[in-house]
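So the chains spell out like this:
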Amino acid sequence: GAGVSQSPSNKVTEKGKDVELRCDPISGHTALYWYRQSLGQGLEFLIYFQGNSAPDKSGLPSDRFSAERTGGSVSTLTIQRTQQEDSAVYLCASTATAVENTIYFGEGSWLTVV
Amino acid sequence: QKEVEQDPGPLSVPEGAIVSLNCTYSNSAFQYFMWYRQYSRKGPELLMYTYSSGNKEDGRFTAQVDKSSKYISLFIRDSQPSDSATYLCAMRVYTGGFKTIFGAGTRLFVKA
């Protein structure tokens, strides 16, 4: 595709429910990132996929968060048993290669937990 | 202490002013230094990146890196209302794979 595509763009969910956020990176991009952005907190790194290597999960805040990337393309971020503090914008990004400096971001999935 | 510190602002300036945005960092292993611009309800987009200490200019924008002080700056000359956005500094480090760490972002308002 022309850019990084994320869905849903907005999601309101009840506390305790599970949510899935989807990311379609730019075609051919080997590296994929998930970040979380809360008001005034900047971008918090969550997880990084590079090709067939084991993902870097060092940023996942708890075991309620998980992500997978199927076929080296589409990625899904899953949040189980959502809490109000999970409310944030979840941004997906991709780069052409692991060493590429330009990170291309999607427009984010705005999650509100009520 | 966060690895990258950035004042969230907001910063409000009149049109035509010179804007100075800054970040400090603690990890001397950072190799690449970037500035991203983020408009409201959009994803960040890369504005500039640099590798070495010194200045890099692109039109009205100048990125400055001082590795000895662990300090980076972005200057915007002749600021325009269209420059109103959040500016995030970012730094990359290799830790078996490249990781990019972002600052909190500074909200800039340029008043016409």
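Look up: the structure comes first, before these words.
Residues numbered from 1 in each chain as written. Chains lettered and ligands numbered in written order. Predicted model: local features only at pLDDT ≥ 70, side-chain atom pairs only at ≥ 80, totals over all residues. Heavy atoms only, no water.

Can you break down the pairing of strand S4 (residues 31-38) of chain A residue by residue, with the values?
For a regular strand, side-chain orientation follows a simple rule: the groups alternate between the two sheet faces. Residue and element names in this part refer to chain A. Burial analysis of S4 places 7 of its 8 residues in the buried class, which makes it a mostly covered element. Pairing geometry for S4 and strand S5 (residues 42-50), over 8 bridges, is antiparallel. Within S5, the position partnered with Arg36 by the bridge is Glu44. For S4 and strand S8 (residues 88-95), the ladder comprises 7 bridges, and the chain directions are antiparallel. The residue of S8 that forms the bridge with Leu32 is Ser94. (Buried < 20%, exposed > 50% of the residue type's maximum accessible area, 1.4 Å probe, protein only. Helix = DSSP H or I, 4+ residues; strand = E, 2+ residues; numbered from the N terminus. Pairing = 2+ DSSP bridges.)

With reference to specific residues and values, describe the environment of A:Ser7.
Residues and elements named next belong to chain A. Summarising the element assignment, Ser7 is placed in strand S1 (residues 5-7). Exposure remark for Ser7: the relative accessible area of 33% places this residue in the partly exposed category. Along the primary structure Ser7 and Glu44 are separated by 37 residues, whereas in three dimensions their C-alpha atoms are 19 Å apart. With residues up to four places along the chain from it excluded, the contact list for Ser7 reads Leu21, Arg22 and Ser109. (Contact = heavy atoms within 4.5 Å.)

Explain the interface of chain B and chain A to me, using residue names and the numbers behind them.
In this assembly, 20 residues from chain B lie in contact with 23 residues from chain A. Together chain B and chain A conceal approximately 1800 Å² of surface at their shared face, both sides included; 50% is due to carbon and sulfur atoms. Counting across the chain B and chain A interface gives 1 salt bridge. Taking the shortest distance from any N to any O, the salt bridge between B:Lys42 and A:Glu107 comes out at 3.0 Å. Where chain B touches chain A, the interface holds 6 residue pairs in polar contact (both at pLDDT 80 or more). (Buried area = accessible area lost by both parts, 1.4 Å probe. Salt bridge = Lys/Arg side-chain N within 4 Å of Asp/Glu carboxyl O. Polar contact = N/O pair within 3.5 Å; in protein donor to acceptor, adjacent residues only side chain to side chain.)

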